[in-house]
Number of protein chains: 2
Amino acid sequence: VLKVHATAGSRAYDALIGRTCLPGLGTAVRRVAPGGQAVVCSDENVAPLYLEAATSSLAAAGFAVSWIVIPAGERQKSLARAEELYGVLYDRGVKRTDTVVALGGGVVGDLAGFVAATFQRGVRLIQVPTTLLAQVDASAGGKVAVDFRAGKNYVGTFYQPSLVFIDVATLETLPQRELKSGAAEVAKHALLAGGDLLAATERLSRAAAGSPQAAAVTQSLVAGNVWYKVSVVRADEREESGARAALNLGHTVAHAIEAATGFARYTHGAAVALGLRAALRLSERLCGLSPEEAARGVRLLDGLGLPARLTGVSAQDVSALIGRDKKAAEGGVGFVLLEALGRPITGAAVPGPLQEEVVQWLTRP
Amino acid sequence: VLKVHATAGSRAYDALIGRTCLPGLGTAVRRVAPGGQAVVCSDENVAPLYLEAATSSLAAAGFAVSWIVIPAGERQKSLARAEELYGVLYDRGVKRTDTVVALGGGVVGDLAGFVAATFQRGVRLIQVPTTLLAQVDASAGGKVAVDFRAGKNYVGTFYQPSLVFIDVATLETLPQRELKSGAAEVAKHALLAGGDLLAATERLSRAAAGSPQAAAVTQSLVAGNVWYKVSVVRADEREESGARAALNLGHTVAHAIEAATGFARYTHGAAVALGLRAALRLSERLCGLSPEEAARGVRLLDGLGLPARLTGVSAQDVSALIGRDKKAAEGGVGFVLLEALGRPITGAAVPGPLQEEVVQWLTRP
């Protein structure tokens, strides 16, 4: 089991990454929690697969275990569902010293995380992410939220978990579509970090040859992603200094694609992949990214089987929505681009015509 | 205008305390906010008195000002009301760089503070407390929350304001009952801090002779209270190290009194005053507080016109509820007591029979 130590603000916690380590969850949680209640929150996709292993492990470690299983899907990230979870914690007499365990993907982590962050101003939170996207990105970093009307993550806070516990074997039950969605964030981290993480991701990309397999996602690759993520968060927990803005690579165009396609045609990861391709091209045009490195980035995305073409929507519609998302709206559209692989720059100005041109290029036949 | 500088975690902010300084609100906010929108949240008691002054001052300083006025009273601290406020911020297109101004007492500060803390993971928050309780206690320290079912402040977080702006002239429109409620927390701070703050509070107590007047509440007394509060919070923002627990002086018994009387018969401050009297007596019995200092504490409470006798409820009912509140329930009933005025000890064990005895004593004829 690999360990990544994370600090953010005054909090410190470990992320543990293993394969088929889920039976050890209770022991690991016991090291950071004094006992008492553990309430596991999971969804209808994940619970049939992993809830029994998680709860029996926690019970064996001495916790009074209960659980709540919610339907799957982004629509569960609502204030109404949060209120239901508050009611569950209230009815069970959960105290600040008790523990909430989020077992599932990003939706479960964000929702249960927000409830844990705010119930009695914060109970102990354990993230047990079971999707690649949640393992490499969402579970570490402390962002928790629900959606409000059309505003994704519009109600939330920053709240660090006491432990992130990752079993990469859970990826083996993940649909290919979800695996690829996570692979896009892996690629993003690789392009941002460069060095060893880029090399490790390129190995995965070559082995995958367009169709990544869960078994090829190594513990060390996931650990490298968590390490990169928490190193950025450490410098900028609350998105104040700007360091965390680098994580937005590819996302300015991705958010526009998601909005223009009604959040239905593309997974977040697929949209990010297209956004990364746009960022590579813009970086070459504007920031001196060498053609060789840009091509290396494209090969990485291709090998991971990530989409190369934007279809089913007009380039005009997407372009019009660039810069309308929550983050970009603050102080003009600032793109994250790359001077070189591993050397991001934030707040880059991209002229409007060039924004349109690069989206048009994404729709090329 | 007096200034108290506060730091908590990575945040720093000022509390400004003046008399008839409300027309300067906009200028003060402009120093910590770049402009944009300012949304003022107030209630039906406070808005007729001070909303116009606040909004015109903010508008003159260049903010795009709007407001929302909610009914008065603790019942407004609900998730439903929070959701309504999220909708207002959403409809008005409030961004992270915009500002929420909480103009009112503790309910407005807690509710608008919680909404500001969580909308888009945090927009700028300005506290403009208009009650003595909120000025000396609730507005600084960063606790924001709504109630959930019977759980007071059960859904909340810690979120520091960007500015606390106090006009002590607003106390002149405050009902005597509310003034006394705040005076109980002033007395608590005086007993905890000792020294100059105790001396200043004794001057107010002697001048009041049982009926404190708003005009006698000086800027420096309020500033002293804010200074004491933020000095404790600085050491323990999130109630983790235990330093903040000292602020619970008198509250273990007070919470039991409030619960036993259905949160109706006594204001929070009146219950705290009775709790402080119990704490003084227990401190004399258990911690070596001298009879002279205990008597000095009692005189302080008497002069401020704070209740000396518990009526309308049986001592048995109150005793049975001691230690059932949110904080006390963690790890046994720990009382805050005083070795001397200005020297609190936390986590003191008080035997059950002695708890009953002191409550019985409070009900003496």
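Residues numbered from 1 in each chain as written. Chains lettered and ligands numbered in written order. Predicted model: local features only at pLDDT ≥ 70, side-chain atom pairs only at ≥ 80, totals over all residues. Heavy atoms only, no water.

Colleague: Even after reading the chapter, I still don't get the overall build of chain A, so can you show me in this structure?
Modeller: When helices and strands are counted, chain A shows 13 helices and 11 strands. Taken over C-alpha atoms, the radius of gyration comes to 20 Å for chain A, in line with the 21 Å a tight globule of 365 residues would show. With respect to the principal axes defined by its C-alpha atoms, chain A has extents near 60 × 40 × 35 Å. Residue burial in chain A is summarised as follows: out of 365 residues, 60% are buried. Expressed as a percentage of contacts within chain A between residues at least 6 apart in sequence, the contacts between residues at least 24 apart total 78%. In the structure as shown, chain A presents an accessible area of about 13200 Å², 51% of it carried by carbon and sulfur atoms. Of the charged side chains in chain A, 37 are positive and 33 negative, and the gap between their average positions amounts to 2 Å. (Helix = DSSP H or I, 4+ residues; strand = E, 2+ residues; numbered from the N terminus. Rg over C-alpha atoms; globule rule 2.2 N^0.38 Å. Buried < 20%, exposed > 50% of the residue type's maximum accessible area, 1.4 Å probe, protein only. Contact = heavy atoms within 4.5 Å. Areas by Shrake-Rupley, 256 points an atom, 1.4 Å probe, with all protein chains shown as cover. Lys, Arg positive; Asp, Glu negative; His and termini not counted. Charge placed at Lys NZ, Arg CZ, Asp CG, Glu CD.)

Colleague: Help me understand the relation of the copies chain B and chain A in this model?
Modeller: Copies of the same chain, two in number, are related to each other by a rotation about an axis and a translation along it. Once chain B is rotated about the relating axis by 180 degrees and shifted along it by 0.0 Å, it coincides with chain A to within an RMSD of 0.0 Å. Here the copies are linked by what is in effect a two-fold axis. Closest approach to the rotation axis among the C-alpha atoms of chain B is made by glycine 9 of chain B, whose C-alpha sits 3.6 Å away. Most of the interface of chain B is mirrored in chain A, where 100% of its interface residues are also at the interface. (Least-squares fit on C-alpha atoms with pLDDT ≥ 70 in both.)

Colleague: Help me out: how do you make sense of the interface of chain B and chain A in this one?
Modeller: The extent of an interface is frequently quoted as the accessible surface area lost upon association of the parts. Facing 35 residues of chain B, the contacting portion of chain A comprises 36 residues. Of the roughly 3400 Å² buried between chain B and chain A on both sides combined, carbon and sulfur atoms contribute 52%. Summed over the shared surface of chain B and chain A, the result is 6 salt bridges. Residues arginine 11 of chain A and glutamate 240 of chain B are paired through a salt bridge, measuring 3.2 Å at the closest nitrogen-oxygen approach. Inspection of the chain B/chain A interface yields 14 residue pairs in polar contact (both at pLDDT 80 or more). Counting residues per element, the side of chain B that touches chain A draws most heavily on strand 8 (residues 151-158) of chain B, at 7 residues. Residue classes in the side of chain B that touches chain A are distributed as 15 nonpolar, 7 polar and 13 charged. (Buried area = accessible area lost by both parts, 1.4 Å probe. Salt bridge = Lys/Arg side-chain N within 4 Å of Asp/Glu carboxyl O. Polar contact = N/O pair within 3.5 Å; in protein donor to acceptor, adjacent residues only side chain to side chain. Nonpolar A, V, L, I, M, F, W, Y, C, P; charged D, E, K, R; others polar.)

Colleague: Would you mind going over the environment of leucine 282 of chain B with me for this structure?
Modeller: All names here are of chain B. Within the fold, leucine 282 resides in helix 10 (residues 268-286). Taking the relative accessible area as the measure of exposure, leucine 282 reaches 2% and is therefore buried. When neighbours within four sequence positions are excluded, leucine 282 is seen to be in contact with Cys287, Phe335, Leu337, Val350, Leu354 and Val358.

Colleague: What's the story with the packing of helix 6 (residues 176-193) of chain B against helix 10 of chain B in this structure? I'm lost.
Modeller: Geometrically, a packed helix pair is captured by the angle between its two axes and the distance between the axes. All names here are of chain B. Interaxial distance between helix 6 and helix 10 falls to 7 Å at its minimum, and their mutual angle equals 30 degrees. Judged by the inter-axis angle, helix 6 sits roughly parallel to helix 10. Helix 10 is crossed by helix 6, and the crossing has left-handed handedness. On the side of helix 6, the interface is formed by Ser181, Ala184, Glu185, Ala187, Lys188 and Leu191, while helix 10 contributes His268, Gly269, Val272, Ala273, Leu276 and Leu280. Each residue belonging to the contact of helix 6 with helix 10 can be placed in one class, and the counts come to 7 nonpolar, 3 polar and 2 charged. (Axes fitted to C-alpha atoms, helices over the stretch in contact; angles between N-to-C directions. Parallel < 35°, antiparallel > 145°, perpendicular 65-115°, else oblique. Left-handed = near helix turned anticlockwise from the far one by under 90°.)

Colleague: I would appreciate a short explanation of empty space enclosed by the protein in the present structure.
Modeller: To find leftover empty space, one rolls a probe the size of a water molecule over the atoms. Residue and element names in this part refer to chain A. Applying the stated criterion to the full structure yields 10 cavities of 30 Å³ or more. Approximately 70 Å³ is the volume found for the largest cavity. Counting residues per element, the ones that place at least two in the lining of the largest cavity are strand 3 (37-43), helix 3 (79-91) and helix 4 (106-118). Sort the elements by how many residues they give to the lining of the largest cavity and helix 3 lands first, with 3 residues. Taken together, the residues of the lining of the largest cavity sort by class into 9 nonpolar, no polar and no charged. (1 Å grid on protein atoms, 1.4 Å probe; cavity = no way out; pocket = protein on both sides within 12 Å on 5 of 7 lines; lining within 4 Å. Points joined across faces, edges and corners; volume = space filled by probe spheres on them.)

Keep in mind these values describe shape, not function.
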